[in-house]
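Report on the structure
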Amino acid sequence: MCHEGGCGACVVAVRAPLPPNNEVKLFSVNSCLVSVLSCHGWEVTTVEGIGNRTMGYHDIQARLARFNGTQCGYCTPGWIMNMYSLYESKNKNLSMKEIENSFASNICRCTGYRSIADAFKSFATDVDDRLKNKLIDLEDLDFVKPCGVNCKTNCQHKCDKKDSKHKSEEAEDWFVVDDASEIVIDCGSTKFYKVYNLNDVFKAMERNGEYRLIAGNTGQGVYHVSNYPPTVIDIFNVAVLKGHSMDVNLILGAGMPLTEMMELFLKISGENEDFSYLKQFYDHMDLVAHIPVRNIGTIGGNLFMKHTNNDFQSDLFLLFETVGATLTIAEAPIKKRTVSLPDFLKLDMNRKLIMNVMLPPLSRFCSIKTFKIMPRSQNAHAVVNAGFLFHFKQNSNILEKAFIVYGSISPKFIHAEKTEAMLAGKDPYTDETLQMVLKSLADELTAEEAPPEPSASYRKMLALALYYKAILSLCPDDRLNPKYRSGAEAIKRHTSKGNQVFDTDKSVWPLNQPVPKLEALQQCSGEATFANDLTTQPDEVFAAFVTADARPGSVISGFDANDALKLSGVIAFYSAKDIPGDNSFTPTNISLVTNNEEILCSQKVLFYGQPVGIIVAVREKIANKAAKMVKVLYSSESKDKPILTASDVLKSPQKDQRLVNNKTREPTETGKDVNCVIYGDITFESQYHYTMEPQTCVVKPTEDGMEVYSASQWLDLPNVAIAQCLKISANKVNVIVRRVGGAYGSKISRQCQIACAAALVSHLQGKTCRFVMSIEDNMRVVGKRVPTYCNFEIGVNKEGEIQYLKNRYYQDNGCSSNETISPITLNHFLSCYDTKRWYIEANSVATDTPSNTWCRAPASTEGVAMIEYMMERIAYNLGKDPLQVRMLNYAKGDNTIPELIDQLKKDANYDERVKEIKKFNDGNRWRKRALKVMPMTYEIFYLSPYNSVVSILHSDGSVILTHGGIEMGQGINTKVAQVCAYTLGIPLDKVSVKPSTSFTSPNNTVTGGSIGSECVAFATIKACEILMERLKPVKAKMNNPSWEQLVQQAFSENIDLQASYLNSFKDNLKPYDIYGIVALEVEVDILTGNQDVIRVDLLEDIGRSLSPEIDIGQIEGSFVMGLGYWTSEKLMYDIDTGKLLTDRTWTYKPPGIKDIPADFRVYFRRNSSNPYGVLQSKATGEPAFCLAVVVTHAIREAVRAARLDAGYPDQWVEIPNPCTVENIFTAVGHKLEHFKLK
C-alpha cells in the first residue's frame, strides 16, 4: 500500500544463508523495500506458501480466523507472515510480551488490534488462562476447517499435524557457499552489481561516475528514490562488513543488520560489565523502525543516511555519539582511517565505505540515559531523541565530563558543548546545578522549524525536559523527592488484554451465533481477492494522475508532456479535452449528489494537487514517474494565500461567497435562572481514512462494453458516471466488487474519480487499465473527514441546568458542497439531552482543499464531541461532577442512558478506581491519571434501495446469495448469510455469498452509515420469505422432508427457486437510537506529552446482535480509529501553497498495536432487543467512534492535575485537537523552575 515499509501489508518471509558464516536464517522483510535483484539466493515465502485451501491452512492462519482477527482482510497476509517468521525463527518459543511487541511493522485500520493480538498471543509459551479457554471454546465450535478441499476420508491437507513441516523448515541450517563472484545485471539505464568482497565494491564504484550503495534498501522508507544512478551496488553479502569482534572496543561490521546488532547488544550487556550500557541501547533500538526493517537495514546504511541527510533523526547516530564511538572508513580495500561521528558527517564519502563502528567500554563510574519521544508507541521517527553520558570521578558525585547529545533540534546540532563544559566539576544531583544546566541548554539550543515536524518551541522545551528526566532517572534516592521519580522513564506499554461480554440465544442460531467471518480463512491465506487481484491481462496498461501543483485559483492553459512521453514505456497522456462525454465523476442524476466535480480539472485549479491529466504506461512505477515529468502550463498563477480552514473563511473578504447557512433550529423556550454564562469555541480537524487498500480500479474491455473492478462502496455511482463520461449506455458498464480493503466513507463518491479515469484510459486504448493510486496521491487528492469550527454561548443555573444554549458551527466542505453534513451534525448534537432551550445554527464553508467526504461516523462524531465538550465546560465552571451535570440535562421520559451509566459504573468499578487515581496523582508529580465517563445517543436512519437475490440450487439445496451491499470488513456477507440460513431453516455452511455487481444489483444505493448490513439483511429476509411461501404447498404434500428433498421436489414441480427483493422507503423501516457509555482511564507522561490509555470499559446497546463476534470487532475497531483521530493523527498543510505536508506513513500516524487500550472491555447491553431493527438488531459500525472523544476529556483532566501541582490557578485547560504529544506537553505550561529534585 505505502511502498515505504510503513504499513506492513507486504511482509513476506525469507529464508537465506547470511554472511559472514552463511548460517541459514528465516526472517521477515517488507517486499516493497527489497529489489528483486537483491533476492539472489533467497527463498521467499508469501502467505499462500504457508497454507491454502489445497495444501491446508497453517495453524497461524486458522487461529487468526478463529479469533475473528480479520475484517477487510487487506492487511491480514502481512500480519500472518510477520507472525510466521517470528514464530519459526524463535523455534516457537515466544512470550506474550514478545509477541505483542513484534508488530510495530503492521497497521490495521479495521479491527482495533485486540483480536489480532489475542490470536497471536495464544501461541505464547506463557499464554494466560483467558486465552487458553477462549481457544478451547473456538476450537470446539469448529467453524474454521483447516482443510479447504473437504476430503471425504483421510484428509491430507491439514497443516496442523504435529509432524508436518513447511518445505523450507526441512532445509539445512547451514549453507556452504563457494567463493561467490560478482553478479552484474544490465537494466538499461542502470547496471546492478551484486558483490561479495571489498575489492569488487571498490571496482564497481570506480567504473562509473555516479553510483548508489544498497544493503537492505530500507532508507527508501525515509527518503524515496525515484531516479537511480547508472550504477547500483548491492553490498548486503560482503562478508568483511558483517560480524563483530572485541579487543578493547566492541567492533561492529557496518553491514550488520540492526536485528543482529540488537541481539548482540543483549548478549554482551549481560556478559561484560564494561558494556552493560548496551542493554539500554537495545531498549532504545526497540523503538527504531520495526522488525522487518531491522532484519535487513544495516548499521552503515542508517549512518550513511544521516550523512546524506543531516536532518534525519538517526537514533543509531545519537546512541553511538553519546558514548564517543568511532567509525572506520575505507578509501580503498587496504586504505582505512578512523573518524569521529561528527567528523564523518563532514567527510566527503565519494568512493568511500563505512567498514565498522567501534564502541568503547564504559567504567562503572559512568552513567548513561537515552530517550526517544515519538507521536505514537512504535514505528515513528523521533520528535526529539537524546543521549546523556555522565562520567563521574571515582567514588564521587562530581562529574569529570559529560556528553549531552540531541537529535531533531536542527540538522547541524549534535552536542550541547557549552553546557557539557559547564558540567565538568559539578554535582548534577543538586537543584542549583540542575537549574544552571537547564538555563544553559535553553540558551544553547536553537531549534529550527521543520514542517511537518512539531514546532521548534516544543522540541526545544522537550529537549530540556529530557535532560531533567535523565537526572531523575539517575539521581540517588536520598537526593530526590520520591514524588518526582515517576518522571524518570518514558511511558512504555505493558501487554494488553481484553474482555468481551455478550449474550447469545442458541434457540435462534445461526442467527445471533458468534461465528468468524465467512471469508476469514481466505483472507488469512491471501486467497481473498480485491480489485487489483484480477489476473494480469495481455497488453494491459497502468495509469497515474498528473496533478496541478500550484496555488488554488491558478488557471491552466495547457500541458507539455514531451519529457514524459519520451520515457521508455510511456504510451499516452490525456487531459480533460480527451473525455468524450461529461467531465464529471459526480453526476447529479443520482441520489446524494448535488454538484458536478471534474474528473480532470479543465481550467481553474481548486486545490493544490488537483488531478489535471492522466499518464498511461506499461508499468505502474513508470506511470507514477512520468506523471511527475508532465509540465502543467498556466495562463495565470495565483499569488493569493489559500483559504484552508473554516476560521480562514470567517476572516476572509470572501466570507459571503464561501459561507452557507444549511439549517437553523430555534428553541421552544428559554430558562430564566441564569447563574453563569459560558463562552467558548472548539476546532476539530480532519482525518485521513487510511484504508489499507488504496483507491484502486481495474477496467477490462469486454465484447460489448467493460468490466469495472472497482474498490467502491457504491455500485451505482461508477456505473452512471462512467457511462456518462464515455457517452455509452449504462448497460455496457458492469461494476464488480468482491470486497473492499477498507473504506470508512472514502470510497463512496471519491473512488468514482479513479474509476472514471481508468475507464477513460481503457476506452481510448482498448486495453485493460489498472489505476492504483500511491499513498501520496491518495492523501493529496482525496478529501477527508470534514473539519469543524464551533462557537458557543451557554447560560446555566447554579446546578448546571442549561437555561439557554447558542451553538454556531461551521463545517469545512473543501472545494465542493457535494457531501455537506452540517444538517445531519445538528441532529447528532442533540444526543441524549433535553434540547428545547437550544439555538443551533448549522453552517458549511468552502475552502481551497479537496472536497471533503464521509469518514467513519461523519456528523455524529462532531455533533457528540461538541455537546460533550460543553457538558465538561459547564461542570468545570460550576465545580460540579460532569456526570451529575449531564444527568441534570438529560431528556426526560424514556431515556435509557441513566440505567446504562449505573451499569457501567458497576462493571468498571468506577468509584473505587476514582479513589485509586487520586492516590496515584497525589504521589506522582510527573505522571497523572484521569478517569472519565461519557454517554452517547446515536440516531440511526435507513437508506435505500438495496436488493438481495437468493437462489437455491436443486442438486443439493445449497444457496447462492448476491446483494447490492459492499463487503468492506464490516461483515455484511457473514450477517446476511446468517440471516438467510436462519430464515430458510438451513445450516450456515449451505449459504455462499457471491460478489456484488451492477448487473445483478442495479440502481442500489451506497453501503455506509452503519446501516448497509441491516438493509441488505432485510431484503434477504423478504426474498427468503418469498421462497418459503413458494415451497409451502410442496412441503405440505410431503412427509417431513429434509431440506434437500424439499428443494428437489420443488424443482421437479417447476417451482422458481430464485427470488429477489429490493427494499425501499416504502417498507417503512423506522429509525431508532443506539445508546452507548464509555469509561476511559488514561495516564499522561507530563514531561513528554506521551499518554497511555490504561483501561476502557465500553457498554453499547446493540439490540440482539445478528453476529456478536462481528459486532465486537466493529465496536473495537471503530473506537480505536476514534482514539487515533483524537490523539496522533495530525494533518498539516503548507499555509502558503495549500500543499499537504503529511502525505505518507512517515509523517501521518494512525494508532498501532501498542496504542490501543491496555485493558479493553466491551459489554453488550444485557437482555436487549430492538423492536424497530431487523430481527431486533442494531447497527455497530460507527457509534463507538463517537465515544472515543472521551480520551480528550481524560487527558485534559490529567493535565489539569499537573498544572495544579505546578502552582497554576485552577483554570480550564484548553488542549487543541488532536491531543498530540506536542499539544499535551504545551498545555501543561512547563517552566524551568518547575523542574526540581527536592
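Above: the structure in question.
We now turn to the structure provided with this report. (Residues numbered from 1 in each chain as written. Predicted model: local features only at pLDDT ≥ 70, side-chain atom pairs only at ≥ 80, totals over all residues. Heavy atoms only, no water.)

**A short note on the sheet that holds strand β38 (residues 1091-1101)**
Keep this limit in mind: DSSP-based pairing: two strands are paired if at least 2 bridges between them are found. Under the DSSP-based scheme used, a helix requires at least four consecutive residues in state H or I and a strand at least two consecutive residues in state E, with every element numbered from the N terminus. For helices, the axis comes from a line fit to the C-alpha atoms of the stretch in contact; other axes are also lines fit to C-alpha atoms, and the angle between any two N-to-C directions lies between 0 and 180 degrees.
Judged by pairing direction, the sheet is mixed, and its five strands sit side by side in the order β16-β39-β38-β37-β31 without closing on themselves. Edge strands, defined here as strands with exactly one partner in the open sheet, are β16 (497-501) and β31 (927-940). The sheet shows a mean angle of 10 degrees between the axes of neighbouring strands, direction not considered. Direction of pairing for β38 relative to strand β39 (residues 1159-1164): parallel, over a ladder of six bridges.

**Details of the pattern of salt bridges**
A side chain with one charge can pair with a side chain of the opposite charge if their charged atoms come near. The criterion, for reference: Whenever Lys or Arg places a side-chain nitrogen within 4 Å of a carboxyl oxygen from Asp or Glu, that contact is recorded as a salt bridge. Think of it in three bands: with a 1.4 Å probe and only protein chains considered, a residue is buried below 20% of the maximum accessible area for its type, exposed above 50%, and partly exposed in between.
Counted under the stated rule, the structure contains 64 salt bridges. With its nearest N and O atoms 3.3 Å apart, the salt bridge here joins Asp234 to Lys194. You can see Asp234 sitting in strand β7 (residues 231-234) and its partner Lys194 sitting in strand β5 (residues 191-194), a full 40 residues away along the chain. Assigned by exposure class, Asp234 and Lys194 land together as buried. The partner of Arg1165 in a salt bridge is Glu899, with the nearest N and O atoms 3.1 Å apart. Taken as a pair, Arg1165 in the loop between β39 and α34 (1183-1187) and Glu899 in helix α28 (residues 897-907) lie far apart in primary sequence, 266 residues in all. Where salt bridges share partners, they join Glu868, Glu872, Arg886, Lys932, Glu1197, Arg1200 and Asp1210 into one cluster.

**Here's the deal with the side chain of Glu841**
Formally: We call two residues in contact when some of their heavy atoms are within 4.5 Å.
Within the fold, Glu841 resides in strand β30 (residues 838-845). When residues no more than four places from it in sequence are discounted, the contact partners of Glu841 are Asn661, Lys663, Thr664, Asn807, Arg808 and Tyr809.

**Regarding the packing of helix α2 (residues 59-66) against helix α3 (residues 76-89)**
Note the threshold: An angle below 35 degrees is treated as roughly parallel, one above 145 as roughly antiparallel, one from 65 to 115 as roughly perpendicular, and anything else as oblique. Left-handed is the label given to a crossing in which the near helix is rotated counterclockwise from the far helix by less than a right angle, and right-handed is the label when the rotation is clockwise.
Contact geometry for α2 and α3: axes closest at 10 Å, N-to-C directions at 130 degrees. Regarding the angle of α2 to α3, the classification is oblique. Judged by the sense of rotation from one axis to the other, the crossing of α2 with α3 is right-handed. Together, Ile60, Gln61 and Leu64 of α2 and Thr76, Ile80, Met83, Tyr84 and Tyr87 of α3 make up the contact between the two elements.

**As for helix α27 (residues 882-889)**
Note the threshold: Each direction from the helix axis to a C-beta atom contributes to the arc, which is the arc of those directions. By the criterion applied in these results, polar contacts are pairs of N or O atoms within 3.5 Å in which, for protein atoms, one can donate a hydrogen and the other can accept it, and in which residues neighboring in sequence qualify only through two side-chain atoms.
Buried within α27 are the following residues: Pro882, Leu883, Val885, Arg886 and Asn889. Angularly, the buried residues of α27 cover 160 degrees about the axis, an arc narrow enough to put them on a single face. Elements that come into contact with the buried residues of α27 comprise β29 (802-812), α26 (860-878), α28, α29 (910-923), β31 and α35 (1190-1205). Measuring from the side-chain oxygen of the N-cap residue of α27 to the backbone nitrogen of Leu883 gives 2.9 Å; that N-cap residue is Asp881.

**Describing helix α30 (residues 972-984)**
The periodicity of an α-helix, 3.6 residues per turn, causes residues three or four places apart in sequence to face the same way. In plain terms, the rule: Any helix carries an expected span of 1.5 Å times its number of residues minus one.
With 13 residues, α30 extends 18 Å from end C-alpha to end C-alpha; this agrees with the ideal 18 Å at 1.5 Å per step. Extensive coverage of α30 is indicated by the burial of 11 of its 13 residues. All of the buried residues in α30 are Ile972, Asn973, Thr974, Lys975, Val976, Ala977, Gln978, Val979, Cys980, Ala981 and Leu984. Tucked into the core, α30 has its buried residues touching β32 (946-952), β33 (959-963), β34 (991-993), α31 (1012-1036), α32 (1043-1052) and α33 (1108-1126). Just downstream of α30 lies Gly985, where phi reads positive at about 75 degrees.

**Section: the sheet that holds β30**
Taking strand neighbours across the sheet as the criterion, the five strands line up as β22-β30-β29-β28-β23 in an open arrangement whose pairing is mixed. Each end of this open sheet is capped by a strand with a single partner; those strands are β22 (659-665) and β23 (676-684). Direction aside, neighbouring strands of the sheet carry axes that sit 10 degrees apart on average. As paired strands, β22 and β30 are joined by six bridges and run antiparallel to one another. The partner of Val660 across the bridge, within β30, is Ser844. Sheet contacts for helix α25 (residues 822-830): β22, β29 and β30; angle to β30, the most-contacted strand, approximately 150 degrees. Set on the sheet, α26 makes contact with β23, β28 (788-796), β29 and β30; between it and β23 the angle comes to about 145 degrees.

**Looking at the environment of Ile373**
Locating Ile373 in the fold gives a position in strand β13 (residues 366-373). For Ile373, a relative accessible area of 0% translates into the label buried. Sequence separation of Ile373 and Ala465 is 92 residues, and the distance between their C-alpha atoms is 11 Å. The residues touching Ile373, leaving out its near neighbours within four places in the chain, are His381, Ala382, Val383, Val384, Tyr458, Leu462, Leu466, Ala490, Thr1088 and Asn1090.

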